[in-house]
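Structural characterization, general
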Amino acid sequence: MDLERGGPGKESKRKESWRAVLTLAYQSLGVVYGDLSISPLYVFRSTFAEDIHHSETNEEIYGVLSFIFWTLTLVPLLKYVFIVLKADDNGEGGTFALYSLLCRHARVSSLPNSQSADQELSEYKTDRFETDPKKGLRLGLKSTLEKHRVLQRFLLVLALIGTCMVIGDGVLTPAISVFSAVSGLELSMAKEQHKYLELPAACIILIGLFALQHYGTHRVGHLFAPIILAWLLCISAIGVYNILHWNRHVYEALSPYYMWKFLKKTQRNGWLSLGGILLCITGSEAMFADLGHFSQLSIKIAFTSLVYPSLILAYMGQAAYLSQHHMMDNKRNIGFYISVPETLRWPVLVIAILAAVVGSQAIITGTFSIIKQCSSLGCFPKVKIVHTSSKIHGQIYIPEINWFLMILCLAVTIGFQDTRRLGNASGLAVITVMLVTTCLMSLVIVLVWERSLFLAIGFVFFFGTIEALYFCASLVKFLEGAWVPIALACSFLVVMYVWHYGTLKKYEFDFQNKVSINWLLSLGSSLGIVRVRGIGLIHTELVSGIPAIFSHFVTNLPAFHQVLVFICIKSVPVPHVKPDERFLIGRIGPREYRIYRCIVRYGYRDVHTDDMEFEKDLVCSIAEFIRSGKEDAKEDTSKEDDMTVVGTCSSSTRHVQLCEDPESRASTESLSDPSQPSEIRSSPPLPVTVTAQPRKKRVRFIVPESPQIDRNAQEELRELMEAREGGVAYILGNSYVRAKKGSSLLKKMAINYGYDFLRRNSRGPSYPLNVPHASTLEVGMIYDV
């Protein structure tokens, strides 16, 4: 009977699991495959735009179809679906996910404030594959990367180049997608009328697309998947119709023989036309970049069962139609819409425009996400990030970047006004990102998966050769539009590298000029200054030692708060940090000084809390640190090894909880005599309550059932409560960074002008964004780096 009962239960769980996977696969259509699915709109048109022409022998059509088939099979299907998707960073994907993996398995990280305690994070550890018995080559490669700073910088620049090209694709993809979709109007009106309507219609759609970004993807997200599903079914049905009606033997063109025949006939012009064929895989990188929102299995199922066959049928259908229609006006009559039956052109036009909007939406959202990752890892200036969904952390909106992308997108659309040059630009951006992924993946194979070095070389040689062929074909079209992604990438790369260089130099200055603990101890327990009520939060980038800004502050204003917290908010090379591992707490100096160090750790995809909940979590974490008594007062507690991991108050019910009564004339019957110290009442199973003297705003710590707290800890908790009632003040360093005398001209330009301009026009630390200006105190310093 038990076996009979267990059978259906397991079966139902299996059905629920498959139902969840299929649901994710369906949802991925609108997010992951929007860009890839709309490529049939412009691939044939871009390919035959200039370099080759459609002849009656059909060798060009068959050759292009063969290239498209094998490119879709080898790159998206073989490379991404079966190999690259396995290189996830705890479920996250993208260029920075690969870079993050490499940083954790070799000391090549660009983050200067890394700690050994970060390696104890649960997500820091990754599952290893079977170890290759030949470890010598792997260890040699690892030591080489760790020894040479030039290689580490090259690795960082390589990751930044891939990131910059993704941002450039965020400009070009909406332009070519919408412009190609609107171009269907040319078959329904005169050519003179069409050229005056196509450009304004594309610009209006683009403006509307970017204007709606602040509403968030979740508002219209439920419409995305049905639109792409309808589009895929539409193009596959039209493809089947064209195959059956015009040329049932078009499948023969899938043979690689036709690729050789194509290149033999067209020679140099055929090689140049590969830049247009390349557009058939635009959006393939999204399968890996958007991995964090879906599962590997759901993405594989959606691509192999629907997207891939639909695209192959669509391209075969276009080739079948064109093989029976040899027209002289290639530019006008070799596009997608000419192969659509005339009675269906208007409905298909509407679906195509909607699909283009969805595909553009996906790449814009992806651009926001990757800029957030760059900002978290110190490679992009701080920008305003608006979270448009309370349930899905990845749905964000960056106003400054949104309007900047819109201006650039409109500029390239108005400037080019044709899919040929837009295709040349988009193709170079796409293939560059893929080349970067191939290079980083080869290192992942050796350092992370611990596979043979020869396997990594084989991976680079096979896929790198294919992508290098397309890259060279695209780069030749530099003057015909390919210069745009290069110009965009160079601009963003300069901004990113200058910001990262300035941030690194600033941290090195802070580290070299930090105040020793002996200086603090020499001041005595009173510190020789006045202690005022409240909590003072001093923001610093240092994870150890006392920043120079503190001595500067004390010198100019010999008074600070009764509880002082040196707080460092830093990102670690993992996608997410669990709430119970968020805080690292330690003391600076003896217990009676009431000075603490708090390091708040976020992953590069985590949501930074910037409201009052952050203050509450911070105070509770310090209270839990005091209650736990894991660390006694030491003469030198500034070492990172002396710090204790403490979670947020919401991560565990066994942590100290903070209760704040609203401002009112609260009754004090439950309190002790005001002239006496606060009481600690312990009457299990009721919780232990530490109560401060009545103030305008009463604060209470609810301490879980635990062994008796010693008197020193009670006094420390009481003083922490009083300080919390007094309020929290943020002490920020407003530093002016300049290059030292005698520095090179390039360094002076980067620091004195580039970094200074970016710093003055970017946001400060993320946690005090909602704090009133009255609670913020800025301390100015000049840094000579």
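As the structure is a prediction and not an experimental result, all values here were calculated from the model.

Before going further, it helps to examine the overall build of the protein. Helices and strands together make up the secondary structure of the protein, namely 25 helices and 13 strands. When the 785 residues of the protein are sorted by exposure, 57% land in the buried category. In the protein, 82% of the contacts between residues at least 6 apart in sequence involve partners at least 24 apart. Only carbon and sulfur atoms are counted for the fraction: they give 59% of the accessible area of the protein, which is about 33800 Å².

Attention now goes to the packing of aromatic side chains. Pairs of aromatic rings are described using the distance from one ring centre to the other and the angle between the two planes. Applying the stated criterion to the full structure yields 20 aromatic pairs. Both rings, one in Y257 and one in Y258, keep their centres 5.6 Å apart while their planes meet at 75°; by these two values the pair is edge-to-face. Residues F462 and F463 carry aromatic rings whose centres are separated by 4.9 Å and whose planes lie at 85° to one another, so their mutual orientation is edge-to-face. What makes F462 partly exposed here is its relative accessible area of 40%. F463 sits in the buried class, given a relative accessible area of 4%. An aromatic cluster of at least three residues, connected via ring pairs, comprises Y62, Y257, Y258 and W260.

Our focus in this paragraph is the confidence of the model for the protein. Mean pLDDT for the protein: 78, with 77% of residues reaching 70 or above. Scored below 50 in pLDDT, residues 633–640 shows 22 contacts in the model against residues more than four places distant or in partner chains. A low-confidence stretch, residues 663–695 stays under pLDDT 50, and its non-local contacts, those more than four residues away or across chains, total 57 contacts.

The next thing to look at is the environment of G629. With respect to the helices, strands and loops of the structure, G629 is situated in the loop between α23 (612–628) and β7 (644–646). The class of G629 is partly exposed, set by a relative accessible area of 42%. In the structure, G629 is positioned 81 residues away from D710 in sequence and 9.1 Å away in space, judged by C-alpha atoms.

Helix length check: helix α4 (residues 59–82), at 24 residues, gives a terminal C-alpha distance of 32 Å against a target of 34 Å (1.5 Å per residue), a fit within 8%. Counting buried residues in α4 gives 20 out of 24 residues, a clear majority hidden from the surface.

Now for the side chain of S298. For S298, the position within the fold is in helix α14 (residues 296–322). Within the local environment of S298, its side chain forms a polar contact with the backbone oxygen of S295, the two atoms lying 2.8 Å apart. Apart from residues no more than four positions distant in its own chain, S298 is found in contact with V21, L24, A25 and S28.

Let us now look at the pairing of strand β5 (residues 583–587). The buried fraction of β5 is high, at five of five residues. Judged by which residues are buried, β5 turns out to be covered on both faces: F583, I585 and R587 on one side and L584 and G586 on the other are all buried. The pairing of β5 with strand β6 (residues 595–603) spans five bridges and is classified as antiparallel. Within β6, the residue paired with F583 across the bridge is V600. For β5 and β7, the ladder comprises three bridges, and the chain directions are antiparallel. In the strand pairing of β7, I585 is matched with T644.

Turning our eyes to something else, we now look at unusual backbone geometry. Located in the positive-phi region is Q417, a residue other than glycine, with phi close to 60°. With respect to the helices and strands, the residue Q417 is situated in the loop between α17 (399–416) and α18 (419–447). By relative accessible area, which is 43% here, Q417 ends up partly exposed. At R594, a position not held by glycine, the phi torsion is positive, near 60°. Tracing the backbone through its elements, the reader meets R594 in the loop between β5 and β6. R594 gets classed as buried once you look at its relative accessible area, which sits at 10%.

Quick look at the pattern of salt bridges now. Tallying each qualifying case throughout the model produces 17 salt bridges. Note that E467 is salt-bridged to K79, the shortest N-O span being 2.6 Å. Here E467, found in helix α19 (residues 453–475), pairs with K79, found in helix α4; they are 388 residues apart in sequence, far enough to count as distant. Judged on exposure class, the residue E467 and its partner K79 are both buried. Its salt-bridge partner being D89, residue R104 comes within 2.8 Å of it at the nearest N-O pair. Highlighted residues: R104 in helix α5 (residues 95–105) and D89 in the loop between α4 and α5, separated in sequence by 15 residues. Of the two residues examined, R104 and D89, each falls in the buried class. By sharing partners, the salt bridges in this structure join E59, E60, K261 and K265 into a single network.

Our next topic: the packing of α18 against α19. Orientation of α18 relative to α19, taken along the N-to-C sense of each, is 170°, at an axis distance of 9 Å. By the angle between their axes, α18 is roughly antiparallel relative to α19. Partitioned by chemical class, the residues of the contact of α18 with α19 number 17 nonpolar, six polar and one charged.

What counts and what doesn't
Every chain's residues receive numbers from 1 upward, in the order its sequence appears when written. Given that the model is predicted, a residue must reach a pLDDT of at least 70 before its local features are reported, and side-chain atom pairs must reach 80 or more before they are shown or counted; all residues, however, enter totals for whole chains, interfaces and linings. The side-chain quantities take in all heavy atoms of the structure and omit both hydrogens and water. Helix and strand definitions follow DSSP, with helices as H or I runs of at least four residues and strands as E runs of at least two, each counted in order from the N terminus. We call a residue buried when its accessible area falls under 20% of the maximum for its residue type, exposed when it is over 50%, and partly exposed in between, using a 1.4 Å probe and counting protein chains only. Residue contacts are counted whenever heavy atoms from the two residues lie within 4.5 Å of one another. Per-residue and other accessible areas follow the Shrake-Rupley method at a 1.4 Å probe size, with only the shown protein chains counted as cover for residues. Pairs were defined over the aromatic rings of Phe, Tyr and Trp, the Trp ring being its six-membered one, requiring ring centres within 6.5 Å. Orientation was assigned from the angle between planes: stacked under 30 degrees, edge-to-face over 60, tilted for the rest. Looking at any residue, its pLDDT shows the predictor's confidence there, from 0 to 100. A helix is expected to reach a length of 1.5 Å times the quantity of its residues less one. Residues adjacent in sequence count toward polar contacts only when both atoms are side-chain atoms; beyond that, a polar contact is any pair of N or O atoms within 3.5 Å, and within protein one must be able to donate a hydrogen and the other to accept it. By definition, two strands form a pair when at least two bridges between them are found by DSSP. Here a salt bridge means any side-chain nitrogen of Lys or Arg lying within 4 Å of a carboxyl oxygen belonging to Asp or Glu. As a rule, the C-alpha atoms of each element are fitted with a line to give its axis, helices using only the stretch in contact, and angles between N-to-C directions run from 0 to 180 degrees. Throughout this description, any angle smaller than 35 degrees is read as roughly parallel, any larger than 145 degrees as roughly antiparallel, any in the 65 to 115 degree range as roughly perpendicular, and the remainder as oblique. Classes in brief: Ala, Val, Leu, Ile, Met, Phe, Trp, Tyr, Cys and Pro nonpolar; Asp, Glu, Lys and Arg charged; the others, Gly included, polar.

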